[in-house]
Amino acid sequence: HGTAKVNSIGHLEIGGIDTVKLAEQYGTPLYIYDVALIRERARSFKRTFESLGIKAQVAYASKAFSTVAMVQLAAEEGLSLDVVSGGELYTAMAAGFPPEKIHFHGNNKSLEELDMAIEKEIGCFVVDNFYELEMLNDLCLAKGKQVNVLLRVTPGIEAHTHDYILTGQEDSKFGFGLQNGQADEAVEAALKSKNLKLLGVHCHIGSQIFETTGFLLAAKKIFEKLNGWKKEKSFEPTVLNLGGGFGIRYTSEDDPIPASQYVEEIIDEVKKQAKRFDMKVPEIWIEPGRSLVGDAGTTLYRIGSRKEVPNVRQYVAVDGGMSDNIRPALYQAKYEAILANKALEEPEETVSIAGKACESGDMLIWDLPLPKAGSTDILAVFCTGAYGYSMANNYNRIPRPAVVFVENGKERLVVKRETFEDMVRLDLPLEERVNK
Ligand code: LLP
């Protein structure tokens, strides 16, 4: 997919660059991003809204992969940005991202984070709970500022990978309950405040979702509530944010629908509901993370040791693992991979790819068909672009890999590889050693 292909010497090429060369040049493990594919994914969302004549913001959920270069790419593509912490906000500012297109999420924003965001004059606060509502209001009052807010609601729908379940009573750490009176109370409070400008509501029903049923149901439930607010409080929203969660294909077992179809079906329902209650169609915001960057990322590893459990399994170990991709260990996530330097060779054996961390659960892929793999080979694991680097860690004091962007035959190092010095950079000694 994307610009990935096999070149004339049988190597995996991405963005017009030989990945085996990249591995030699930058070392392994190495994250590579197919920039053209990210652009294509972003444009496809935007194009669909435009073709439907709907005012929209497509906000990149930067938790999926937040670095200065990535945020700058999002800006180039005219995306808005969803940040969930002071660190992601700081990254956005360091990247020069337009503050008015930043939306600030999170269920426990600190006073300092809210203060920083008010100072930077970001576009919108997605308020999650009463504690935040009061703190934000007080802070704005003290500063003599007004900020835009959306209220995050939990519509009582939980979307799971392939299907969705209705939860009668919401049980989530996020948002105001839509059915239990919390959302009504929050709207009341926001409307009363002169310092908060209530734009509308937000909901996010889950992640890696393959169908639209959950989104449509959420929209329906929200509109039923909006109708009440219109009648009782004369409040009509200008914005409805339906979150992210659009699924991608990690392996052939996954069968997501295209971005355009999610958007078309959602907009259809929104129009239907607006008509039903004689309301204006609000501006629609969405927050894709995984579906913008997930399949654009590939991780390159060098193969090292091998262990045979006779008649059972071949463990083939790579020089990374759960420190650069925790998803298999955390969610039993599945991935596909090939040997980048033997991209045309037929599989000869089935092996299981182990990471190098001191943890039995550090397995990247079980039962992967591969050509005969040895210690000179480079393993390319696909679809690691979302929640790979962003959830990377230093378990076992393994330095985090570098990140390289590739596009049109050009490469660019956008995150340097961590060093062993970085591993002790913040450490302080047990006692000061004074040279006598
Ligand atoms: N908006 C909100 C409010 C969210 O909570 C999330 C993801 C997104 C947007 C973006 O969702 P996406 O389009 O990427 O599915 N670490 C997990 C995923 C956690 C998602 C958390 N929230 C994983 O690796 O699968």
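Conventions used here
- Residues numbered from 1 in each chain as written.
- Predicted model: local features only at pLDDT ≥ 70, side-chain atom pairs only at ≥ 80, totals over all residues.
- Core = buried A, V, L, I, M, F, W, Y, C linked by C-beta atoms within 7 Å.
- Buried ≥ 20, exposed ≤ 12 C-beta atoms within 10 Å, placed from the backbone.
- Domains from an automatic or database assignment.
- Contact = placed C-beta atoms within 7 Å.
- Helix = DSSP H or I, 4+ residues; strand = E, 2+ residues; numbered from the N terminus.
- Pairing = 2+ DSSP bridges.
- Right-handed = clockwise from strand over helix to strand, strands pointing away.
- Near = placed C-beta within 6 Å.
- Nonpolar A, V, L, I, M, F, W, Y, C, P; charged D, E, K, R; others polar.
- pLDDT = per-residue confidence, 0-100.

Enquirer: I'm lost on the nonpolar core in this one. Help?
Expert: The tendency in soluble globular proteins is for nonpolar side chains to be buried as a group. Ranked by size, the top nonpolar core spans 123 residues in total, and within it Leu81, Val149, Leu151, Ile222, Ile353, Leu379 and Ala380 carry the most contacts. Taken domain by domain, this core gets at least three of its residues from each of domain 1 (5–33 + 294–424) and domain 2 (35–290). Contacts of Ile222, omitting those with residues within four sequence positions, involve Val153, Pro155, Leu178, Val201, Cys203 and Leu240.

Enquirer: Would you take a moment to explain unusual backbone geometry for this structure?
Expert: Leaving glycine out, the prevailing phi sign among residues is negative, and the prevailing peptide bond configuration is trans. Residues Thr28 and Pro29 are joined by a peptide bond in cis, for which omega reads -15°. Inspection of the secondary structure puts Pro29 in the loop between α1 (19–26) and β4 (30–34). The phi torsion at Asn311 lies on the positive side, around 65°, for a residue other than glycine. Structurally, Asn311 can be placed in the loop between β16 (297–309) and β17 (313–318). For Asn311, a count of 5 C-beta atoms within 10 Å gives the class exposed. With phi around 55°, Arg397 is a residue other than glycine that occupies positive phi space. By the element assignment, Arg397 lies in the loop between β21 (378–382) and β22 (402–407).

Enquirer: In this structure, what is going on with the pairing of strand β13 (residues 196–202)? I would like to understand it.
Expert: Successive side chains on a regular strand alternate, one facing one side of the sheet and the next facing the other. Along β13, six of the seven residues are buried, which leaves the element largely enclosed by surrounding structure. Two elements, strand β9 (residues 147–154) and β13, share six bridges in a ladder whose sense is parallel. By the bridge assignment for β13, Leu151 is matched with Val201. Viewed along the sheet, the connection from β13 through helix α8 (residues 213–233) into strand β14 (residues 239–241) turns out right-handed.

Enquirer: So what exactly am I meant to see when it comes to the site of the ligand here?
Expert: Taken together, the neighbourhood of the ligand is formed by 20 residues, with Ser207, Gly244, Gly289, Arg290 and Tyr387 sitting nearest. Broken down by secondary-structure element, the contributors of at least two residues to the shell around the ligand are α10 (290–293) and α11 (327–331). Its residues placed into classes, the shell around the ligand shows seven nonpolar, nine polar and four charged. Among the domains, domain 1 (5–33 + 294–424) and domain 2 (35–290) are the pair contributing at least three residues each to the shell around the ligand.

Enquirer: I keep staring at the environment of Met423 and nothing clicks. Help me out?
Expert: Tracing the sequence through the fold places Met423 in helix α12 (residues 420–424). Residue class for Met423 comes out partly exposed when judged on the 15 C-beta atoms lying within 10 Å of it. On a C-alpha basis, the gap between Met423 and Asn7 in space is 37 Å, while along the polypeptide they are 416 residues apart. In this view, Met423 contacts Asn394, Arg397 and Pro399; residues no more than four positions away in its chain are not counted.

Enquirer: Help me out: how do you make sense of the domain arrangement of the chain in this one?
Expert: Interfaces are frequently sized by the accessible area removed from exposure as the parts join. Taken as a whole, the chain is organised into domain 1 (5–33 + 294–424) and domain 2 (35–290). Centre-to-centre, using C-alpha coordinates, domain 1 lies 33 Å away from domain 2. Opposite the 21 residues of domain 1 that make contact, domain 2 presents 17 residues. If you list the elements that add at least two residues to the side of domain 1 that touches domain 2, you get β22 and β23 (410–415). Examining the composition of the side of domain 1 that touches domain 2, we find that four residues originate from one element, β22, more than from any other. Partitioning the side of domain 1 that touches domain 2 into residue classes produces 13 nonpolar, four polar and four charged.

Enquirer: Sorry, what's going on with the confidence of the model for the chain here?
Expert: Any region with low pLDDT has predicted coordinates that should not be read closely. Confidence along the chain averages 95 in pLDDT terms, with 97% of residues attaining 70 or more. Of all secondary-structure elements in the chain, the lowest mean pLDDT belongs to strand β11 (residues 164–166), at 55, while helix α3 (residues 68–76) reaches the highest, 99. Across the whole predicted complex the pTM is 0.97, and at the interface the ipTM reaches 0.99.

Enquirer: For this particular structure, what's the right way to read the pairing of strand β6 (residues 80–83)?
Expert: Neither face of β6 is left uncovered, since the one carrying Ser80 and Asp82 and the one carrying Leu81 and Val83 both have all their residues buried. With three bridges connecting them, strand β5 (residues 56–61) and β6 associate as parallel partners. What sits directly across from Ala59, in β6, is Ser80. In this fold, β5 hands off to α3, which returns the chain to β6; that crossover is right-handed. Where β6 lies against strand β7 (residues 102–104), three bridges are found, and the strand directions are parallel. Across the sheet, residue Asp82 finds its bridge partner in β7, namely His103. Note that the unit made of β6, helix α4 (residues 86–94) and β7 has a crossover that is right-handed.

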